[in-house]
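Residue-level listing of the chains:
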Amino acid sequence: MFKGVLVSLLASFLFGYMYYFSTLLKPLSGTDIFGYRMIFTFPFVVLSVFIFKQKNALIHRLKLIKKQPHLALPYLFCGLLMGFQMWLFLWAPNNGSSLSVSFGYLLLPIVMVAAGRLIFKERISTFKFIAVVIAALGVISNIVLKGGLSWEAIVICVGYTTYFSVRKALKNSDLASFCLEMLSLIPISIYFALQTDFAVVEQSNPNIWGLLVLLGLISGTALIAYVIASNMLPMNLLGLLGYVETIMMVFVSFFIGEQIDAESYPLFICLVLAMILVVIDGVYKQHAKGSL
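These remarks concern the structure in this document. Since the model is a prediction, treat every value here as computed from it, not as a measurement.

## A few points about the pattern of salt bridges
Okay, so step 1: Under the defined criterion, the tally for this structure stands at two salt bridges.
Okay, so step 2: Two residues, Asp 174 and Arg 61, come together in a salt bridge whose shortest N-O distance is 3.1 Å. Highlighted residues: Asp 174 in the loop between helix 7 (151-170) and helix 8 (175-194) and Arg 61 in helix 3 (residues 55-67), separated in sequence by 113 residues.
Okay, so step 3: Of the residues examined, Arg 61 reaches a relative accessible area of 13% and is grouped as buried.
Okay, so step 4: In this structure, the salt-bridge partner of Arg 167 is Glu 181, at a minimum N-O distance of 2.9 Å. Linking Arg 167 in helix 7 with Glu 181 in helix 8, this pair joins segments that are 14 residues apart in sequence. Each member of the pair, Arg 167 as well as Glu 181, carries the same accessibility label: buried.

## A look at the packing of helix 3 against helix 8
Okay, so step 1: Where helix 3 meets helix 8, the axes come as close as 8 Å, and the angle between the chain directions of the two elements is 55°. Regarding the angle of helix 3 to helix 8, the classification is oblique. The way helix 3 lies across helix 8 gives a crossing that is right-handed. Together, Ala 57, Leu 58, Arg 61, Leu 62 and Ile 65 of helix 3 and Ala 176, Ser 177, Cys 179 and Leu 180 of helix 8 make up the contact between the two elements.
Okay, so step 2: Split by residue class, the contact of helix 3 with helix 8 holds seven nonpolar, one polar and one charged.

## Side note on the packing of aromatic side chains
Okay, so step 1: Summed over the entire model, instances satisfying the criterion amount to 20 aromatic pairs.
Okay, so step 2: Taken together, a centroid distance of 5.8 Å and an interplanar angle of 70° make the contact between Tyr 20 and Phe 255 edge-to-face. Separated by 235 residues along the polypeptide, Tyr 20 in helix 1 (residues 2-21) and Phe 255 in helix 12 (residues 243-255) bring together distant segments of the chain.
Okay, so step 3: Since its relative accessible area comes to 64%, Phe 255 is described here as exposed.
Okay, so step 4: Plain terms: the ring middles of Tyr 160 and Phe 164 are 5.8 Å apart, the flat faces sit at 20° to each other, and that makes the pair stacked. Of this pair, Tyr 160 and Phe 164 are both found in helix 7, four residues apart, which corresponds to roughly one turn of the helix.
Okay, so step 5: Residue classification places Tyr 160 among the buried positions, given a relative accessible area of 14%.

## Section: helix 7
Okay, so step 1: The first and last C-alpha atoms of helix 7 sit 28 Å apart over 20 residues, in line with the 28 Å expected at 1.5 Å per residue.
Okay, so step 2: Looking at the buried residues of helix 7, the elements they touch are helix 4 (73-91), helix 5 (98-119) and helix 8.
Okay, so step 3: Positive phi appears at Lys 171, one or two residues downstream of helix 7, with a value of about 55°.

## So, the nonpolar core
Okay, so step 1: The biggest cluster of nonpolar side chains holds 57 residues, and the ones touching the most others in it are Leu 25, Val 101, Phe 178 and Leu 212.
Okay, so step 2: Ranked by the residues each element gives to this core, the list is headed by helix 4, at 10 residues.
Okay, so step 3: Val 101 has contacts with Tyr 19, Leu 88, Ala 92, Glu 152, Ile 156 and Met 249, leaving out every residue within four places of it along the chain.
Okay, so step 4: In this structure, Val 139, Phe 268, Ala 274 and Leu 277 belong to the second largest nonpolar core, which totals 21 residues.

## Looking at the packing of helix 2 (residues 30-51) against helix 8
Okay, so step 1: Contact pair helix 2 / helix 8: the axes reach a minimum separation of 8 Å and the direction vectors enclose 145°. Viewed along their axes, helix 2 and helix 8 form a crossing whose handedness is left-handed.
Okay, so step 2: Residue composition of the contact of helix 2 with helix 8, by class: 18 nonpolar, five polar and one charged.

## Digging into the layout of surface pockets
Okay, so step 1: Approximately 230 Å³ is the volume found for the second largest pocket.
Okay, so step 2: Together, 17 residues line the second largest pocket, and Ser 100, Phe 103, Lys 146, Asp 261 and Ser 264 are the ones closest to its centre.
Okay, so step 3: Of all the secondary-structure elements, those providing two or more residues to the lining of the second largest pocket are helix 5 and helix 6 (126-146).
Okay, so step 4: Residues belonging to the lining of the second largest pocket are distributed by class as follows: six nonpolar, eight polar and three charged.

Conventions and cut-offs
Residues numbered from 1 in each chain as written. Predicted model: local features only at pLDDT ≥ 70, side-chain atom pairs only at ≥ 80, totals over all residues. Heavy atoms only, no water. Salt bridge = Lys/Arg side-chain N within 4 Å of Asp/Glu carboxyl O. Helix = DSSP H or I, 4+ residues; strand = E, 2+ residues; numbered from the N terminus. Buried < 20%, exposed > 50% of the residue type's maximum accessible area, 1.4 Å probe, protein only. Axes fitted to C-alpha atoms, helices over the stretch in contact; angles between N-to-C directions. Parallel < 35°, antiparallel > 145°, perpendicular 65-115°, else oblique. Left-handed = near helix turned anticlockwise from the far one by under 90°. Contact = heavy atoms within 4.5 Å. Nonpolar A, V, L, I, M, F, W, Y, C, P; charged D, E, K, R; others polar. Phe/Tyr/Trp six-rings, centres within 6.5 Å; stacked < 30°, edge-to-face > 60°. Expected span 1.5 Å × (residues − 1). Core = buried A, V, L, I, M, F, W, Y, C linked by side-chain atoms within 4.5 Å. 1 Å grid on protein atoms, 1.4 Å probe; cavity = no way out; pocket = protein on both sides within 12 Å on 5 of 7 lines; lining within 4 Å. Points joined across faces, edges and corners; volume = space filled by probe spheres on them.

Next up, the structure:
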């Protein structure tokens, strides 16, 4: 259990650090960074398939797609959803939107709890219900004070909730399915990467190639660490530890100079309170199961 917690924290730290790391890749655009991240990360995804014995599941899915090509559509759809979220994650810190994206990640678990209740008829605890209500009050305050949530936060909440809901509904939530989703992104990633004028980029950032390789190493290591942790820890505890990444994203946003405007304080406070309630609920459940 302790080793699983450490591995999960390593994954969260690496994902959180990658949020800051993207600022070191200027003058590359978010699209450029996304393309190279996918290219350098995909080999780690394939390696994970073999390490965690998902090769047969992957081959089985590929055979099904060969016989019935329309079965590739869910992987393409989920790949596009995931790809856009990954692009936004890398784009935000260099474009003054890191706090907006961080707000989206703070709100995401609450939205997923609500979606689980409404779509999949899952039962939710009293703590989680209160968390949803508090988060909703924060959103309402933001609508009143600012006219609505930022588009970045909405994309994170709606995009990832749709992504996980589709995967759950189709029972395509294993590593083999994730590999196919990543594979669907490789052609467009290569296209984006080929559009980069590296002669110009290297003038401003001579170490860019080394940094891109390091980006792939960080991303791939974080992915493998997360998969290892998911095999060692209960899902509830794994979800709680995932908040470490979100908290790091908020601190990175402050570190690179972004500030919360006064109108966003009620939303931020409500999201933090909701997050705390979700954490308390998860700790209580884990304690009841004797896992902590």
